[in-house]
Amino acid sequence: MNLRLFSKKETTASVWSGGLTYEYMIYPETARYSDRDFVFRVSSAVIEEVPSAFSKFKGYNRYLVMLDNSLPIEINKEKKVYEKY
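Note that the structure is predicted; figures quoted are calculated from it, not measured.

Q: Would you mind going over the overall build of the protein chain with me for this structure?
A: When helices and strands are counted, the protein chain shows zero helices and five strands. For the protein chain, the spread of C-alpha atoms along the principal axes amounts to about 40 × 30 × 25 Å. Looking at the protein chain as a whole, 18% of its 85 residues are labelled buried. For the protein chain, the proportion of contacts with a sequence separation of at least 24, taken over those separated by at least 6, is 24%.

Dropping the structure here:
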């Protein structure tokens with residue numbers, strides 16, 4: 001498997017309902033986020049609107065890591081707080 005990792009300087013921000021997102025890796029390389037045909041994807045998001053509605057990824061496992069601050073979030077009517085790191 002060949003992987004290609006993009007630096008933030010090589011990426012363009014995509015707008016979502018709550019802010020901006022940057023895609024750093026997607027596999028396979030021919031996959032497209034909008035088609036939901038990827039095996040895995042690594043991205044970062046800047047949350048500018050609170051509250052925000054996150055995209056749904058049915059059939060995928062999603063892992064969130066806060067790089068700064070904390071994030072109070074509600075998932076399936078369960079309230080959680082993701083702390084920094």
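Q: Whenever I open this one, the pattern of salt bridges confuses me. Can you help?
A: Between side chains of opposite charge, pairing is possible as soon as their charged atoms come close. A complete count under the given rule lists two salt bridges for this structure. Among the ionic pairs, Arg32 bridges to Asp35, the shortest N-O distance being 3.5 Å.

Q: Mind showing me how you'd approach the environment of Ile73 here?
A: Note on placement: Ile73 falls in strand 4 (residues 71-75). When its relative accessible area of 12% is taken as the criterion, Ile73 is described as buried. Each C-alpha atom, one on Ile73 and one on Ala53, is 9.9 Å from the other, the two residues being 20 residues apart in sequence. If we ignore the near neighbours within four places in the chain, the residues touching Ile73 are Phe54, Leu64, Glu78, Lys79, Lys80 and Tyr82.

Q: Explain the sheet that holds strand 1 (residues 14-16) here, please?
A: Within a sheet, each strand pairs with its neighbour through backbone hydrogen bonds, oriented either parallel or antiparallel. Ordered by their spatial adjacency, three strands build an open sheet running 1-2-3, and the pairing between neighbours is antiparallel. Among the strands making up the open sheet, the edge pair consists of strand 1 and strand 3 (40-47). Each neighbouring strand pair of the sheet contributes to a mean axis angle of 35°, computed without reference to strand direction.

Q: Explain the pairing of strand 5 (residues 78-82) to me, please; I cannot follow it from the model alone.
A: Sheet faces and side chains relate simply in a regular strand, where the side chains alternate between the two faces. The sheet contact formed by strand 4 and strand 5 spans five bridges and is antiparallel. In the strand pairing of strand 5, Leu71 is matched with Tyr82. Where strand 4 folds back onto strand 5 in an antiparallel hairpin, the turn is made up of two residues, including Asn76, whose phi is positive at roughly 50°.

Q: When you look at unusual backbone geometry in this model, what are you seeing that I'm missing?
A: Excluding glycine, most residues fall at negative phi; most peptide bonds, likewise, are trans. Residue Pro28 is reached from Tyr27 by a cis peptide bond, and omega for that bond is 0°. Mapped onto the fold, Pro28 is located in the loop between strand 2 (19-27) and strand 3. Here the phi dihedral of Asn76 falls at roughly 50°; this positive angle occurs in a residue that is not glycine. Mapped onto the secondary structure, Asn76 falls in the loop between strand 4 and strand 5. For Asn76, a relative accessible area of 75% translates into the label exposed. The backbone of Lys77 sits at a positive phi, close to 70°, despite the residue not being glycine. Mapping Lys77 onto the fold places it in the loop between strand 4 and strand 5.

How each quantity is defined
Residues numbered from 1 in each chain as written. Predicted model: local features only at pLDDT ≥ 70, side-chain atom pairs only at ≥ 80, totals over all residues. Heavy atoms only, no water. Helix = DSSP H or I, 4+ residues; strand = E, 2+ residues; numbered from the N terminus. Buried < 20%, exposed > 50% of the residue type's maximum accessible area, 1.4 Å probe, protein only. Contact = heavy atoms within 4.5 Å. Salt bridge = Lys/Arg side-chain N within 4 Å of Asp/Glu carboxyl O. Pairing = 2+ DSSP bridges. Axes fitted to C-alpha atoms, helices over the stretch in contact; angles between N-to-C directions.

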